[in-house]
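# Inside the fold
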Amino acid sequence: MEKNKKFELWTVMTIVFFLLFLLILVYPMFGILKQSLYDKEGALTLANFSKFFAKKYYTNTIINSFKVTIVVTLVSLLIGIPLSYFYSFYRLKGAKVIFVVSILCCMSAPFLGALSWIMLLGRNGIVTKFFLNVFKIRLGSIYGFKGILLVQALKYFPLVFIYMNGAFRNIDNTLIEASANMGCTGVRRFFKIILQLSMPTVLAASLMVFMQAFADFGTPMIIGEGYRTFPVEIYSQYLGENGRDYGFAAAISVIAILITALVFFLQQWATGKFRFSISALHPVEKKPAKGIGGFLMHLYAYLLIFIGFAPNLYIVYLSFVNSDGAVFKTGYSFNNYRLAAKKLLVRSINNTLTLGVGSLIIIIVFAVIVSYLVVRRSSPINHAIDTMAMLPYIMPGAVVGIALVMAFGSKPFALTGTMTIMILNLVVRRMPYTIRSASATLMQISPSIEEAAISLGASKLKTFARITVPMMSSGIVSGAILSWVAIVTELSGSIILYNNKTITLTMSTYVQINRGNYGTACAFAAILTVVTILSLLIYIKVSGSEDDIKL
Amino acid sequence: MSVEIRISHALKKYGDNVIIPDLSVNIKPGEFFTLLGPSGCGKTTLLRMIAGFNSIEGGDFFFGDKRINDLDPSKRNIGMVFQNYAIFPHYTVRKNVEFGLKNRRMPREEIKSRTDQFLKLMQIDTLADRMPDRLSGGQQQRVALARALCISPDVLLMDEPLSNLDAKLRVEMRTVIKNIQHDVGITCVYVTHDQEEAMAVSDRIAVMNAGVIQHIGNPKSIYQRPANVFVATFIGRTNMLEGELQVEGGKAFLCLSDYRTQMDTVAPEYMQSQKIQISVRPEELLLNRDANADGLKGTVQDAVFLGLNTHYFVKLDSGEDVEIIQESSIEETLGKGARISLTINTEKVNLFLADGTKNILTGVKNDLDA
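### Describing the overall build of chain B
Tallying secondary structure elements over chain B gives eight helices and 20 strands in all. The principal-axis extent of the C-alpha atoms belonging to chain B is close to 80 × 45 × 35 Å. Put simply, chain B has 370 residues, and 53% of those count as buried. Within chain B, contacts between residues at least 6 apart in sequence are counted, and of these 67% link residues at least 24 apart. Summed over its atoms, the accessible surface of chain B is roughly 16500 Å², and 48% of this surface lies on carbon and sulfur atoms.

Put into structure tokens, the structure is as follows:
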């Protein structure tokens, strides 16, 4: 009996990951809490929090963030769900194009939309100028709330679209027929049956959009102007012109975490109200989209993805327009690229690839091991590991950045400005998603396949390497490419951690925008866009079926 | 090469929840032994304890003279066939079958020749280079069997291997399994909840309920002389009636309301008047169209003509419902409301103590008591 409890490899893994996650996840989060509660002399105080709540200037940042994010979430649902409904229930022409372009929209770097819309509708935007010169009409300002809403809604509606496609695909056709049989069709059926059945997914998509929009740093920074949101505030308190205040930045972070945690639990609670499982034996048969309705559906779908994707194309176009770095002129040239090359272009590309590949490998290895521990070796301590791994899910990127600086910036570690801390940030930020998708894949693999291997004389380690991992590989690969894109376009955490040596493409783009060098910025952004598009095309090729996309 | 499996005082619990309290059984070398029982009775749990995938909380498990309690599953030298076949989806048929041999570090030529031998034996040699997703259920089953057998295991364990197949294939595959086991001569433990399947393949069957073996015997003895009421009702269809045993002048009589018939097979230790439970199978009730003849009186509720047999559903005057199977006759099938009388085939009927725990007739063969 005692021999059964021998020290095996997975027990070692459990201990290693428990300690590792304590170090890289719990310790930084705890550090932020601690920092927020002590003043500069090291005395316990609530001064940071009272400072925050005393001034309307500060509380407004959270309220602003909250307001714009809620509206963005609602608008994304409002435009994303109809698109998904048309896509899932009707045979649209060029459905594949709609799908691929949608993914491209939501995977592009977060602030490129902002940059592009400023070029179009900003003070010197070509559309603005065109209306002013030709029609003598002054268009309203794109900056502030409206701008953030426009950019983020257009970026996140494809997320809703992809989530909802999955839900709609799981609706059994017989349910649709049954409701028609009982006299419920059309719009009523959509609201009473189809949407109700998809409610868990609607909630999941809402949470996803909320978390991403809430944490987005680039968009409000570039197009928000006077409309201050909290990630921008954390950043300026940390690096700002008015002098650094770590304690105060930490306090804002704590408040932000509390809000996201609250939203997270609210979403979990709401999802609990819709606990039922459906699986389609008879998938919905797509109807042809005919007549005026069909025309309007096509119009809606194509217009939407065009508006969503056009900013990316416009930036690529602009990157070839002649400029002196800041101001665009007439004619076309590679000037922007030449200027970019002087501004660390090569180093940025190198860093982007190194950081991307490095963190991706670590994330995959961690995700495979952790998902195995959680799914196959259920125990309280492994459950704790799972919970810890999900912590970053409720930590906005800027908060992760601050937390890592505070935790690893000083004495025993002193990692500030190193590639290590950049990788750490990317690993921490992206790991929850990859672990989730790896766990989901593993749960679908019957344990008896592993048992079969063991009964045929394979050791546990060999079974894991030869049977479990290869069977998980399709799930891992599709998850990995999306992680790769997310890593390459990551901004909100890295912005706090990077320096000249560890600068990436995304960071360079942002820096150039910040300096007003829009031409150079477009060159960086165009390269970034091409990298993203290529990665996603590879993804679609590898994953084979477009229906299996996991985010 | 076949080995004996001895299990003594096996104990299985999950936390405080005892699944198998105290189970002992000896499985003979080369025997086809089936664990049969309703779902949740612990049969799969026991099989997985033998395989090593479930921990053993108490008792001893032996393969021959070798105690295997603490042996790693990969070292037990077992072949296992799973309910879902557990074919490795990323390997071809050949690679699936080779997998166990490769783990034994055999020379390459030997691996190839053994693999070929078993692919041929299972008649899947033409599928050797296919991927599993292009196989039918029956073919996957054959791959699973070939894979389990080609490592020359000491014992073959099968966990409901046919339950995912359609009815026709199930009948076909159980013949295949039975023949292969016979040819290879390997000790085999088979788990199923399908009693017809169990009877078709097994040398001996252990009927389990709530973690306890109720009856071990060959299919015939289990069907005809079940050890207790649970076994009688689980194996085949039966009508349970309540009646009395009356002993007069050294002779025993079965009494059901006003029907009384002599029983010659009551075991001596139970020769006393007492309340009893009677298990009479549908074919052991003999139907008489003359309602006034001696026997149990009743009214036909429904009749179903099935070709070879005709099933009658009858409400006895005592209020009990019984089912009768009669070979179809050329006469008109009796309609609803027809009055009839029934007699019992006393040679085949089974009588149990009032609490249902023991069969009180002679001829019960239960290896559990041995």
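### So, the sheet that holds strand 12 (residues 251-256) of chain B
Residue and element names in this part refer to chain B. Spatial ordering of the open sheet is given by 13-12-11-14-20, a layout of five strands whose pairing is antiparallel. The open sheet terminates on both sides in strands that have one partner only, identified here as strand 13 (259-263) and strand 20 (350-353). For this sheet the average axis-to-axis angle between neighbouring strands, irrespective of direction, equals 40°. The pairing of strand 11 (residues 239-248) with strand 14 (residues 274-280) spans seven bridges and is antiparallel. Counterpart to L241 in the pairing with strand 14 is I278.

### Some words on the interface of chain B and chain A
Accessible area lost on assembly of the parts is the figure often given for the size of an interface. Listed by partner, the interface residues are 24 residues for chain B and 20 residues for chain A. The junction of chain B with chain A conceals about 2000 Å² of combined surface from both sides, 58% of it contributed by carbon and sulfur atoms. At the boundary of chain B and chain A, one finds two salt bridges. The salt bridge partner of K460 of chain A is D72 of chain B, with a shortest N-O separation of 3.5 Å. Summed over the shared surface of chain B and chain A, the number is eight residue pairs in polar contact (both at pLDDT 80 or more). Residue assignment for the side of chain B that touches chain A shows that the elements contributing at least two residues are strand 6 (78-81) and helix 2 (93-103) of chain B.

### Thoughts on the sheet that holds strand 1 (residues 5-14) of chain B
All names here are of chain B. Spatial strand order, 2-1-4-5: four strands in an open sheet with antiparallel pairing. Since the sheet does not close on itself, it has two edges, and those belong to strand 2 (17-27) and strand 5 (66-67), each with one partner. As judged from the five bridges shared by strand 1 and strand 4 (residues 58-63), these two strands associate in the antiparallel manner. By the bridge assignment, R6 is partnered in strand 4 with F62.

### Focus: the domain arrangement of chain B
All names here are of chain B. On domain assignment, one finds that chain B holds domain 1 (5-224) and domain 2 (230-353). Here the C-alpha centroids of domain 1 and domain 2 sit 40 Å apart. With 14 residues of domain 1 at the contact, the number on the domain 2 side is nine residues. For the pair domain 1 and domain 2, the summed buried surface comes to about 960 Å²; carbon and sulfur atoms form 68% of the total. Considering only the side of domain 1, the residues that lose the most area to domain 2 are Q195, Y223 and Q224, jointly responsible for 48% of the buried surface there. Counting every contact that joins domain 1 to domain 2 gives zero salt bridges.

### Concerning the pattern of salt bridges
Residue and element names in this part refer to chain B. Under the defined criterion, the tally for this structure stands at 25 salt bridges over all chains. Across the pair D60 and R67 runs a salt bridge, and its minimum N-O distance is 2.8 Å. In this structure D60 comes out as partly exposed when scored by relative accessible area, which is 26%. Between E331 and R289 there is a salt bridge, with its nearest N and O atoms 3.8 Å apart. Of this pair, E331 sits in the loop between strand 18 (321-327) and strand 19 (339-344) while R289 sits in the loop between strand 15 (285-288) and strand 16 (296-305), placing them 42 residues apart in sequence. Accessibility expressed as a relative area gives 47% for E331, which makes it partly exposed. In the salt-bridge network here, residues are joined through shared partners; they are E31, R204 and D367.

### Digging into empty space enclosed by the protein
Residue and element names in this part refer to chain A. Evaluation of the coordinates by the stated rule reveals seven cavities of 30 Å³ or more. By volume, the largest cavity is sized at about 630 Å³. Around the largest cavity, the lining comprises 32 residues; the ones closest to its centre are Q212, R429, R430, Y433 and A486. Elements represented by at least two residues in the lining of the largest cavity include exactly helix 4 (95-107), helix 7 (145-169), helix 10 (199-215), helix 19 (419-443) and helix 21 (460-488). A class-by-class count of the residues in the lining of the largest cavity yields 21 nonpolar, six polar and five charged. Size it by volume and the second largest cavity reaches roughly 120 Å³. Lining the second largest cavity are 13 residues, with S108, G113, V151, K155 and G308 positioned closest to its centre. Those elements that provide at least two residues to the lining of the second largest cavity are helix 5 (112-121), helix 7 and helix 14 (291-319). Of the residues belonging to the lining of the second largest cavity, the class tally is eight nonpolar, four polar and one charged.

Calculation notes
- Residues numbered from 1 in each chain as written.
- Chains lettered and ligands numbered in written order.
- Predicted model: local features only at pLDDT ≥ 70, side-chain atom pairs only at ≥ 80, totals over all residues.
- Heavy atoms only, no water.
- Helix = DSSP H or I, 4+ residues; strand = E, 2+ residues; numbered from the N terminus.
- Buried < 20%, exposed > 50% of the residue type's maximum accessible area, 1.4 Å probe, protein only.
- Contact = heavy atoms within 4.5 Å.
- Areas by Shrake-Rupley, 256 points an atom, 1.4 Å probe, with all protein chains shown as cover.
- Pairing = 2+ DSSP bridges.
- Axes fitted to C-alpha atoms, helices over the stretch in contact; angles between N-to-C directions.
- Buried area = accessible area lost by both parts, 1.4 Å probe.
- Salt bridge = Lys/Arg side-chain N within 4 Å of Asp/Glu carboxyl O.
- Polar contact = N/O pair within 3.5 Å; in protein donor to acceptor, adjacent residues only side chain to side chain.
- Domains from an automatic or database assignment.
- 1 Å grid on protein atoms, 1.4 Å probe; cavity = no way out; pocket = protein on both sides within 12 Å on 5 of 7 lines; lining within 4 Å.
- Points joined across faces, edges and corners; volume = space filled by probe spheres on them.
- Nonpolar A, V, L, I, M, F, W, Y, C, P; charged D, E, K, R; others polar.

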